[in-house]
Amino acid sequence: MTDAFVLPPPPQPSVAVAGETRRFAVRRIFCVGRNYADHAREMGADPTRELPFFFCKPADALVADGSTIPYPPQTRDFQHEVELVVAIAKGGSNIAREAALEHVFGYGVGIDFTRRDLQQEAKDKKRPWDWGKGFDQSAPCSAIHKASEIGHPAEGRIHLAVNGEGRQDGDLNELIWPVADVIAFISQSMALAPGDLIYTGTPAGVGPVVAGDVLTCDVAGIATLSIAIGK
Ligand code: MN
């Protein structure tokens, strides 16, 4: 501890990297809203009429694979959204769609946990989504699998089960805005930076979980994630 800070600096959020002892240090978490047509429809939106939109979670909302998290406070409708997660290695502004995948370090699978009742209240009252989306332990993420080893998956099953029963089942080829477009769009508005994660949106079948549930997720046969809900 030096004289630089009046309190000890907070721990650096990070996620595991498959096949490595070193971890991926996380800077920010960007999330895409409504990026699969079936999910947009189940949320009452028209998937053909919207440009992508974004929200953020704090990096310290990350939760590691195999964790048990508490049922969060102030909700009666705590819902899962399984998502492909993109880890950014190289930042930039106004990144061209054609060059966007060169900025990717790797891919994982995550859950965009949502206090749906608080999100709905925010929508109704035209308030920010943060309390519905960016709360403590709202961002489980698997180990990141390096693009240098697995390539850039453009298709493949994305799946979530609760207590072994399938709830969400989609394919990455159903993304309305694929990864390259998402990177291009975000970088037009904010400079992306190494360490950023992007949760790319969820397929249909979102729904509530309760204490004692165990969620298992996988994406494209490359990444898996298991999270339990405690009391
Ligand atoms: Mn989501």
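Everything below is about the structure printed above this text.
Cut-offs applied
- Residues numbered from 1 in each chain as written.
- Predicted model: local features only at pLDDT ≥ 70, side-chain atom pairs only at ≥ 80, totals over all residues.
- Heavy atoms only, no water.
- 1 Å grid on protein atoms, 1.4 Å probe; cavity = no way out; pocket = protein on both sides within 12 Å on 5 of 7 lines; lining within 4 Å.
- Points joined across faces, edges and corners; volume = space filled by probe spheres on them.
- Helix = DSSP H or I, 4+ residues; strand = E, 2+ residues; numbered from the N terminus.
- Nonpolar A, V, L, I, M, F, W, Y, C, P; charged D, E, K, R; others polar.
- Core = buried A, V, L, I, M, F, W, Y, C linked by side-chain atoms within 4.5 Å.
- Buried < 20%, exposed > 50% of the residue type's maximum accessible area, 1.4 Å probe, protein only.
- Pairing = 2+ DSSP bridges.

Account for the layout of surface pockets, with residues named and values stated.
Its volume calculated, the largest pocket comes out at about 190 Å³. Elements with a contribution of two residues or more to the lining of the largest pocket: strand 1 (14-15) and strand 5 (62-64). Counting residues per element, the lining of the largest pocket draws most heavily on strand 5, at three residues. Split into classes, the residues belonging to the lining of the largest pocket amount to 10 nonpolar, two polar and three charged. Leu101, Tyr107, His152, Pro153, Ala154, Leu172, Asn173, Leu175, Pro178, Val179 and Ala180 together form the lining of the second largest pocket. Here the lining of the second largest pocket is built from residues that sort into nine nonpolar, two polar and no charged.

Mind laying out the nonpolar core, listing which residues take part and the relevant values?
Soluble globular proteins: nonpolar side chains tend toward being buried together. Core analysis: the biggest nonpolar cluster contains 40 residues, and Tyr107, Ile111, Phe113, Ile183, Ile198, Leu215 and Val219 have the highest contact counts within it. Among the elements of the structure, strand 3 (29-33), strand 8 (82-88), strand 9 (104-111), strand 13 (157-162), helix 5 (179-189), strand 17 (214-219) and strand 18 (223-229) are those that each provide at least two residues to this core. Listed in part, the 19 residues of the second largest apolar core include Val26, Phe55, Ala122 and Tyr199.

Mind laying out unusual backbone geometry, listing which residues take part and the relevant values?
Backbone geometry places Gln74, a non-glycine residue, at a positive phi of 65°. Here Gln74 falls in the exposed class, since its relative accessible area comes to 63%. We note that Ala220 has phi near 55°; this positive angle belongs to a residue other than glycine. Tracing the chain through its elements places Ala220 in the loop between strand 17 and strand 18. When its relative accessible area of 25% is taken as the criterion, Ala220 is described as partly exposed.

Break down the sheet that holds strand 13 for me, citing the residues and quoting the values.
The mixed open sheet is built from five strands, whose spatial order is 6-18-17-13-14. Both edges of this open sheet fall to strand 6 (68-69) and strand 14 (165-171), since each of them pairs with a single strand only. Pairing geometry for strand 13 and strand 14, over six bridges, is antiparallel. Looking at strand 14, one finds that Val162 is bridged to Glu165.

Break down the pairing of strand 3 for me, citing the residues and quoting the values.
Within strand 3, five of the five residues are buried, which leaves the element mostly enclosed by the surrounding structure. On strand 3, burial covers both faces: Ile29, Cys31 and Gly33 on one face and Phe30 and Val32 on the other are all buried. As judged from the five bridges shared by strand 3 and strand 4 (residues 53-57), these two strands associate in the antiparallel manner. The residue bridging Phe30 from the neighbouring strand is Cys56, located in strand 4. Direction of pairing for strand 3 relative to strand 15 (residues 197-199): parallel, over a ladder of three bridges. The partner of Cys31 across the bridge, within strand 15, is Tyr199.

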